[in-house]
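Notes for the structure review
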Amino acid sequence: MPEWIEAALWGLVGGGALVLGALVAWFVRVPARLVSHIMAFGAGVLISALAFDLMDEAERTGGLAATAAGFVGGAVVYVLANVALARRGARHRKRSGDHQPSESDVSGSGSAIAIGALLDGVPESVVLGLSLLGGGGVGVPVLAAVFISNVPEGLSSAAGMKQAGRGARYVFGVWGGIAVASGLSALLGNLLLDQASPATVALITAVAAGAILAMIADTMVPEAFERAGMATGLVTVLGFLTAFAIERAG
């Protein structure tokens, strides 16, 4: 199987976790406190993966200066895009309660939420595609982190969409579209950077890592802390430890 096709499939698997979470939220009434705990766990998983897999690898191949520049640059781009989307109604796109606006509350918020979900998922998918470069197979710790964190993201956000009165066609259209876009992002990340220098790959990896960390702080942690409260830190640590154990076992 060509490497770029494999990248697309793994990206689709990672994005498919969002659909899985949305399905659970749509058909099962999951307690809000449990959603918050799962979100905190997913945040810890992602933090571990970007620290030990993405940033470590980027620094070793591209050097500290380029890695730091890419890391900060990725965060800046994400935050600026997130600010623009927040003004259009997408600020609480991962919240499971009544935070998300309906279309009647904020016109165009449905499109902003969909674009925001895409913004959150693309960096993770590109990293999955990059992890296949060189023929070593997909980065299992990164894949596990993306999948484990995407389930609660899809669950929480879909619950909020349902609470705001959005229908099944919109909810599953968004998450199905994001899953497909995740596959395409992984494919393009692999295909376009196949002949790139190690330094370039390291820079792109650092950019993605910066965007992911900014996403965690801006969208996942607030949802986790609102109802998990002081337990958020402990659950996040457990998520971090789980991903760290997976990375070391691999």
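For clarity, every value in this text was computed on a predicted model and none was experimentally measured.

Along the chain, the regular secondary structure elements total eight helices and zero strands. Taken from the N to the C terminus, the helices and strands of the chain come in the order α-α-α-α-α-α-α-α. Counting over 250 residues, the chain shows a buried share of 48%. Nonlocal contacts in the chain, meaning residues at least 24 apart in sequence, comprise 84% of its contacts between residues at least 6 apart.

In summary, soluble globular proteins display a tendency toward joint burial of nonpolar side chains. In this structure, Leu46, Leu54, Ile216 and Met220 are the most contacted members of the largest nonpolar core, which totals 34 residues. For this core, the secondary structure elements donating two or more residues are α2 (32-62), α4 (109-131), α5 (140-163), α7 (198-228) and α8 (232-249). A total of 11 residues in this core trace back to one element, the largest contributor, which is α7. Membership of the second largest hydrophobic core comes to 13 residues, among which are Ala22, Ala25, Ala158 and Val171.

As a further point, take the packing of aromatic side chains. In this description, an aromatic ring pair is defined by two values, namely the gap between the centres and the angle between the planes. Within the structure shown, the criterion is met by three aromatic pairs. These aromatic residues form a ring-pair network of at least three members: Phe52, Phe240 and Phe244. A cation over an aromatic ring shows up here: Lys162 above the ring of Trp26, its NZ or CZ 5.0 Å from the ring centre.

A side chain of one charge can pair with a side chain of the opposite charge when the charged atoms of the two come close. Using the criterion set out here, one finds three salt bridges in the structure. The salt bridge involving Asp56 is made with Arg60; its shortest N-O contact spans 3.3 Å. One end of the pair, Asp56, and the other, Arg60, are both in helix α2, four residues apart, so they sit about a helical turn from each other. Taking relative accessible area as the criterion, Asp56 reaches 35% and is therefore assigned partly exposed. Arg60 is the partner of Glu57 in a salt bridge, and the nearest nitrogen-oxygen pair spans 2.6 Å. With Glu57 and Arg60 both in helix α2 and three residues apart, this pair spans about one turn of that helix. Residue classification places Arg60 among the exposed residues on the basis of a relative accessible area of 55%.

A surface patch of nonpolar side chains, amounting to about 710 Å² of accessible area, comprises Met1, Trp4, Ile5, Leu9, Leu188, Leu191 and Leu192. Among the elements of the structure, α1 (3-27) and α6 (168-192) are those that each provide at least two residues to the nonpolar patch.

A few words on the UniProt feature "transmembrane region" (unreviewed entry) in the chain. UniProt marks residues 7-28, 34-52, 64-85, 126-149, 170-193, 199-216 and 228-246 with the feature "transmembrane region" (unreviewed entry), using the numbering shown here. Segment residues 170-193 splits into 96% helix and 0% strand. End C-alpha atoms: 34 Å apart. For the annotated span residues 228-246, helix accounts for 84% and strand for 0% of the residues, and the straight-line distance between the end C-alpha atoms is 25 Å.

Turning next to the side chain of Thr236. Topologically, Thr236 is positioned in helix α8. With residues near it in sequence (within four places) discarded, Thr236 still touches Ala40, Ala43 and Gly44.

Taking 1.5 Å per residue, 31 residues should reach 45 Å; α2 reaches 42 Å between its end C-alpha atoms and fits that length. Leu50 marks where α2 bends most, by close to 35°. Gly63 sits one or two residues past α2 and shows a positive phi near 90°.

Among the structural elements, Ala22 can be located in helix α1. In this structure, the C-alpha to C-alpha distance between Ala22 and Val151, residues 129 residues apart in sequence, is 7.8 Å. Beyond its immediate chain neighbours, meaning those up to four positions away, Ala22 contacts Gly154, Leu155, Ala158, Val171, Phe172 and Trp175.

Attention now moves to the packing of α1 against α5. Relative orientation and spacing of two packed helices are given, respectively, by the angle between their axes and the distance between those axes. Relative orientation of the contacting elements α1 and α5 amounts to 35°, with a least axis distance of 7 Å. α1 and α5 meet at a crossing whose hand is right-handed. Within the contact between the two elements, α1 uses Trp10, Val13, Gly14, Gly15, Ala17, Leu18, Leu20, Gly21, Ala22, Val24, Ala25 and Trp26 and α5 uses Leu143, Val146, Phe147, Asn150, Val151, Glu153, Gly154, Leu155, Ala158, Ala159 and Lys162. Of the residues belonging to the contact of α1 with α5, the class tally is 16 nonpolar, five polar and two charged.

When the terminal C-alpha atoms of α5 are compared, their 35 Å separation across 24 residues agrees well with the 34 Å that a helix rising 1.5 Å per residue should span. Of the residues trailing α5, Gly165 is marked for its positive phi of about 90°.

Cut-offs used in this document
Residues numbered from 1 in each chain as written. Predicted model: local features only at pLDDT ≥ 70, side-chain atom pairs only at ≥ 80, totals over all residues. Heavy atoms only, no water. Helix = DSSP H or I, 4+ residues; strand = E, 2+ residues; numbered from the N terminus. Buried < 20%, exposed > 50% of the residue type's maximum accessible area, 1.4 Å probe, protein only. Contact = heavy atoms within 4.5 Å. Core = buried A, V, L, I, M, F, W, Y, C linked by side-chain atoms within 4.5 Å. Phe/Tyr/Trp six-rings, centres within 6.5 Å; stacked < 30°, edge-to-face > 60°. Lys NZ or Arg CZ within 6 Å of the ring centre and 35° of its normal. Salt bridge = Lys/Arg side-chain N within 4 Å of Asp/Glu carboxyl O. Patch = residues over 30% accessible without salt bridge, like charges linked within 9 Å, V, L, I, M, F, W, Y side chains within 5 Å. Areas by Shrake-Rupley, 256 points an atom, 1.4 Å probe, with all protein chains shown as cover. UniProt positions renumbered as here; feature names shortened; annotations may be inferred. Expected span 1.5 Å × (residues − 1). Bend = angle between axes of the 7 residues up to and from the residue. Axes fitted to C-alpha atoms, helices over the stretch in contact; angles between N-to-C directions. Left-handed = near helix turned anticlockwise from the far one by under 90°. Nonpolar A, V, L, I, M, F, W, Y, C, P; charged D, E, K, R; others polar.

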